[in-house]
Amino acid sequence: MEWERREGISVITLQRPEVYNALNLNALHELQRIIEELSYSKATRAVILTGRGRAFCSGADLKERRGMPPEQVRRYVKTIRETFYALSQLPKPIIAAVNGLALGGGMELALAADIRFASTEAIFGLTETSLGIIPGAGGTQLLPRIVGSAKAKELIFTARKIDAAEAERIGLVTQVTTAEELMPTAMGIAALICDNAPLAVAQAKSAINLGKEVDLETGLMIEAKSYETLIPTKDRIEGLQSFREKRKPIYLGE
């Protein structure tokens with residue numbers, strides 16, 4: 001796994017193209033380590049996930065898992081579920097740049113992101129029911145929240161794969177690009193995010209994520225609490241001063 005740190009942006013690239021970037025335990029542990037470091041990083045304000053070669057991620061490494069006894073399989077699934085959840089909870093926007101196959105756990109990895117872009121070569125699918133299991137790393141919970149319950153049930157029950165155009169049509173991805181334009185598009189959005197106050201972006205993410213699970217009145221209370229935490233910050237004062245002085249703000253995350 002490659003972790004490239006640019007100005008304000010971390011790019012994480014899955015690097016097992018010979019197995020379509022399938023996730024084995026070593027890859028999961030490496031991703032966990034990166035997530036842990038990112039959770040404390042002020043330098044990174046946006047994260048991009050992508051894959052090397054023809055795949056974004058083809059899911060769990062089934063060759064590795066085939067030799068596991070049932071108890072070890074349970075621990076493995078728990079590890080992948082907890083890793084993806086930890087990724088989704090990072091207080092910074094996560095962008096999935098889906099460059100190819102995103103199947104099973106690979107699609108669940110994309111679902112853990114806040115924003116998904118796809119190249120025209122991307123293929124999505126939660127194919128677990130065809131293997132006698134169900135999505136076990138968040139797929140049954142995240143997909144309905146993104147595309148609606150009925151469409152999520154159709155895709156999971158049938159194990160059907162969909163192309164990038166259909167993914168965009170059902171709201172799974174926000175934009176489809178050519179393969180060449182995928183990373184520039186993701187980097188462009190990440191750069192726009194980096195221009196804004198990181199504490200405000202983090203609170204906006206938290207308010208959206210928490211608010212979508214509750215009724216409107218409770219959601220507005222969550223929004224108010226998130227707003228309150230920003231009032232005493234230096235970034236809020238900088239935003240007001242830069243507006244008054246007609247200059248670009250310099251946000252320090254303080």
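Above this text sits the structure in question.
Participant: Explanation requested: the layout of surface pockets in the structure shown.
Facilitator: The method is simple in principle: a probe with the dimensions of a water molecule rolls over the atoms, and the space it marks as empty is what remains. In this structure, the largest pocket encloses a volume near 840 Å³. Along the walls of the largest pocket sit 30 residues, with Ser-88, Gln-89, Asp-114, Asn-209 and Lys-212 positioned nearest its centre. Contributions of two or more residues to the lining of the largest pocket are made by helix H3 (70-88), strand S7 (115-119), helix H5 (139-147) and helix H9 (198-211). Top element by residues in the lining of the largest pocket is H9. It accounts for seven residues. Of the residues belonging to the lining of the largest pocket, the class tally is 17 nonpolar, six polar and seven charged.

Participant: Mind showing me how you'd approach the pattern of salt bridges here?
Facilitator: The full count for this structure, using the stated rule, is 14 salt bridges. When the shortest N-O distance is used, the salt bridge between Arg-247 and Glu-245 registers 2.6 Å. Using a relative accessible area of 47% as the deciding quantity, one classes Glu-245 as partly exposed. What you see here is one network of salt bridges that share partners, running through Lys-151, Glu-154, Arg-160 and Glu-166.

Participant: Mind showing me how you'd approach helix H6 (residues 149-158) here?
Facilitator: The set of residues buried in H6 consists of Ala-152, Leu-155 and Ile-156. Across the axial projection of H6, the buried residues extend over an arc of 95 degrees, all falling on one side. In H6, the exposed residues that point more than 90 degrees away from the buried face are Ala-150 and Phe-157. Buried residues in H6 make contact with H5 and strand S9 (162-163). In the stretch just after H6, Ala-159 is the one whose phi turns positive, near 60 degrees.

Participant: What exactly am I supposed to notice about the nonpolar core here?
Facilitator: Nonpolar side chains in soluble globular proteins tend to end up buried together. Ranked by size, the top nonpolar core spans 48 residues in total, and within it Leu-23, Phe-56, Val-98, Leu-109, Phe-124, Leu-143 and Leu-172 carry the most contacts. The biggest single contributor to this core is helix H1 (residues 25-39), with six residues. Ignoring anything within four residues of it in the chain, the contact list for Leu-172 reads Met-107, Leu-111, Arg-116, Phe-124, Leu-143, Ile-146, Val-147, Ile-162 and Ala-167. Listed in part, the 14 residues of the second largest apolar core include Ile-9, Ile-95, Leu-182 and Cys-194.

Participant: Is there a simple way to think about the sheet that holds strand S10 (residues 175-177) in this case?
Facilitator: Backbone-to-backbone hydrogen bonds join strands into a sheet, with any given pair of strands oriented parallel or antiparallel. Read across the open sheet, the six strands follow the order S1-S2-S3-S5-S7-S10; overall the sheet is mixed. Two strands bound the open sheet, and with one partner strand each, they are strand S1 (2-5) and S10. The sheet shows a mean angle of 20 degrees between the axes of neighbouring strands, taken without regard to direction. Where S7 meets S10, three bridges bridge the pair, whose relative direction is parallel. The residue bridging Ala-118 from the neighbouring strand is Val-176, located in S10.

Participant: Just to check I follow, could you spell out a nonpolar patch on the surface for this structure?
Facilitator: On the surface, a nonpolar cluster with roughly 260 Å² of combined accessible area is contributed by Leu-62, Leu-131 and Ile-133. Secondary-structure assignment places Leu-62 in helix H2 (residues 62-66). Among the residues examined, Leu-62 registers a relative accessible area of 40% and is labelled partly exposed.

Participant: Just checking my understanding: could you explain the sheet that holds strand S4 (residues 55-57) for this structure?
Facilitator: Ordered by their spatial adjacency, four strands build an open sheet running S4-S6-S8-S9, and the pairing between neighbours is mixed. The outermost strands of the open sheet, each flanked by one partner alone, are S4 and S9. With two bridges connecting them, strand S8 (residues 123-125) and S9 associate as antiparallel partners. When the sheet's bridge partners are listed, Ile-123 is paired in S9 with Asp-163.

Participant: It is not clear to me how helix H10 (residues 216-230) should be interpreted in this structure. Could you clarify?
Facilitator: Every α-helix carries 3.6 residues per turn, so stepping three or four residues along brings you back to the same face. Between the first and last C-alpha of H10 there are 21 Å, a value that for 15 residues agrees with the 21 Å anticipated at 1.5 Å per step. Taken residue by residue, H10 has Gly-219, Ile-222, Ser-226 and Leu-230 as its buried positions. Buried positions in H10, seen along its axis, are confined to an arc of 85 degrees and lie on one side of it. The outward face of H10, more than 90 degrees from its buried face, is lined by the exposed residues Glu-217, Met-221, Lys-225, Tyr-227 and Glu-228. Next to the buried residues of H10 lie H9 and helix H11 (234-245). A side-chain oxygen of the first residue of H10 lies 3.1 Å from the backbone nitrogen of Glu-217; this N-cap is Asp-215.

Participant: Is there a simple way to explain the packing of H1 against H3 in this structure?
Facilitator: Pairs of packed helices are described in terms of their axes, by the angle between the two and the distance that separates them. As a packed pair, H1 and H3 sit with axes 10 Å apart at the nearest point and diverge in direction by 30 degrees. It follows that H1 is roughly parallel to H3 by the angle criterion. Relative to H3, the crossing made by H1 is left-handed. Packed against H1, whose contacting residues are Leu-25, Leu-28, Leu-31, Gln-32 and Ile-35, the element H3 presents Tyr-76, Thr-79, Ile-80, Thr-83, Phe-84, Ala-86 and Leu-87 at the interface. Here the residues of the contact of H1 with H3 sort into nine nonpolar, three polar and no charged.

Rules behind the numbers
- Residues numbered from 1 in each chain as written.
- Predicted model: local features only at pLDDT ≥ 70, side-chain atom pairs only at ≥ 80, totals over all residues.
- Heavy atoms only, no water.
- 1 Å grid on protein atoms, 1.4 Å probe; cavity = no way out; pocket = protein on both sides within 12 Å on 5 of 7 lines; lining within 4 Å.
- Points joined across faces, edges and corners; volume = space filled by probe spheres on them.
- Helix = DSSP H or I, 4+ residues; strand = E, 2+ residues; numbered from the N terminus.
- Nonpolar A, V, L, I, M, F, W, Y, C, P; charged D, E, K, R; others polar.
- Salt bridge = Lys/Arg side-chain N within 4 Å of Asp/Glu carboxyl O.
- Buried < 20%, exposed > 50% of the residue type's maximum accessible area, 1.4 Å probe, protein only.
- Arc of directions from axis to C-beta.
- Contact = heavy atoms within 4.5 Å.
- Core = buried A, V, L, I, M, F, W, Y, C linked by side-chain atoms within 4.5 Å.
- Pairing = 2+ DSSP bridges.
- Axes fitted to C-alpha atoms, helices over the stretch in contact; angles between N-to-C directions.
- Patch = residues over 30% accessible without salt bridge, like charges linked within 9 Å, V, L, I, M, F, W, Y side chains within 5 Å.
- Areas by Shrake-Rupley, 256 points an atom, 1.4 Å probe, with all protein chains shown as cover.
- Expected span 1.5 Å × (residues − 1).
- Polar contact = N/O pair within 3.5 Å; in protein donor to acceptor, adjacent residues only side chain to side chain.
- Parallel < 35°, antiparallel > 145°, perpendicular 65-115°, else oblique.
- Left-handed = near helix turned anticlockwise from the far one by under 90°.

Distances and angles like these do not, on their own, reveal function.
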